[in-house]
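The chain contents come next:
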Amino acid sequence: MAGSKMKHPGMLKGATIMEVVVAMVIIVVVFGMAMMIFANVTNQGLSDKKIRAQATLQGILLQAEQSRQLPEEAFNQDGFRIIPTTTEVENEPGLTELHLTAFDDNQQEIATVAEIMINKNETKP
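Residues numbered from 1 in each chain as written. Predicted model: local features only at pLDDT ≥ 70, side-chain atom pairs only at ≥ 80, totals over all residues. Heavy atoms only, no water.

A short note on unusual backbone geometry
1) Next: With a phi close to 55°, aspartate 78 is a non-glycine residue in the positive phi region.
2) Next: Considering the arrangement of structural elements, one finds aspartate 78 in the loop between strand E1 (75-77) and strand E2 (80-88).
3) Next: At asparagine 91, a position not held by glycine, the phi torsion is positive, near 65°.
4) Next: Within the secondary structure, asparagine 91 sits in the loop between E2 and strand E3 (95-103). (Helix = DSSP H or I, 4+ residues; strand = E, 2+ residues; numbered from the N terminus.)

Put into structure tokens, the structure is as follows:
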């Protein structure tokens, strides 16, 4: 038994501090990459929703221009809650500024548009 190593009963083989640090660094790097991917996917979903909301608001503006009727109350369209607000343009009695704001299911503001329109009452036949 002179050339063999002596084993101590009850001793467990453990990792060195360097091995533990390397493993922690690898875990942190993988976790960081996963969080970046998650953030990109979440932002892309939100930007798709913003594009849809913007297109919906532009369509409503186009309808309002063609009919010359401004929406007065909040309504739902294409899965968004649309809240219109109108203000009279100063020093221009025949013009009204229409603001449309789209909110999602969580009442988070997604998109907003504004346009100055001619009042229906002020137009001449």
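With respect to the side chain of aspartate 104
1) Next: For aspartate 104, the location among the structural elements is in the loop between E3 and strand E4 (109-118).
2) Next: A polar contact is formed between the side chain of aspartate 104 and the backbone nitrogen of asparagine 106, at a distance of 3.0 Å.
3) Next: Polar side-chain contacts of aspartate 104 include one of 2.8 Å to the backbone nitrogen of glutamine 108.
4) Next: Beyond its immediate sequence surroundings of up to four residues, aspartate 104 is in contact with Lys49 and Ile110. (Polar contact = N/O pair within 3.5 Å; in protein donor to acceptor, adjacent residues only side chain to side chain. Contact = heavy atoms within 4.5 Å.)

Re the nonpolar core
1) Next: Counting 14 residues, the largest nonpolar core has Ala53, Leu57, Ile82, Leu98, Leu100 and Ala102 as its most contacted members.
2) Next: Mapped onto this core, the elements with two or more residues apiece are helix H1 (17-67), E2, E3 and E4.
3) Next: Ranked by residue count, the leading element in this core is H1, at five residues.
4) Next: Not counting residues within four places of it along the chain, the set of residues in contact with alanine 102 comprises Ala53, Leu57, Phe80, Arg81, Ile82, Gln108, Glu109, Ile110 and Ala111. (Core = buried A, V, L, I, M, F, W, Y, C linked by side-chain atoms within 4.5 Å. Buried < 20%, exposed > 50% of the residue type's maximum accessible area, 1.4 Å probe, protein only.)

Thoughts on the side chain of threonine 96
1) Next: Residue placement: threonine 96 occurs in strand E3.
2) Next: Look at threonine 96 and you get buried, because its relative accessible area is 2%.
3) Next: Side chain to side chain, threonine 96 and glutamate 88 meet in a polar contact 3.5 Å long.
4) Next: With residues up to four places along the chain from it excluded, the contact list for threonine 96 reads Leu70, Thr86, Thr87, Glu88, Val89, Glu115, Ile116, Met117 and Asn119.

Quick word on the sheet that holds E2
1) Next: In spatial order, the strands read E1-E2-E3-E4; together these four strands make up an open sheet with antiparallel pairing. The two strands at the open ends of the sheet, each matched to only one other strand, are E1 and E4. Adjacent strand axes in the sheet meet at a mean angle of 30° when their direction is disregarded.
2) Next: Pairing of E2 with E3, which is carried by eight bridges, proceeds in the antiparallel orientation. Residue threonine 85 lies in a different strand from E3, and its bridge partner there is histidine 99. (Pairing = 2+ DSSP bridges. Axes fitted to C-alpha atoms, helices over the stretch in contact; angles between N-to-C directions.)

Here's the deal with the pattern of salt bridges
1) Next: Tallied over the full model, the rule gives one salt bridge.
2) Next: Linking aspartate 104 and lysine 49 is a salt bridge whose minimum nitrogen-to-oxygen distance equals 3.6 Å. Separated by 55 residues along the polypeptide, aspartate 104 in the loop between E3 and E4 and lysine 49 in helix H1 bring together distant segments of the chain.
3) Next: Residue class for aspartate 104 comes out buried when judged on its relative accessible area of 5%.
4) Next: The partly exposed category is assigned to lysine 49, whose relative accessible area is 27%. (Salt bridge = Lys/Arg side-chain N within 4 Å of Asp/Glu carboxyl O.)

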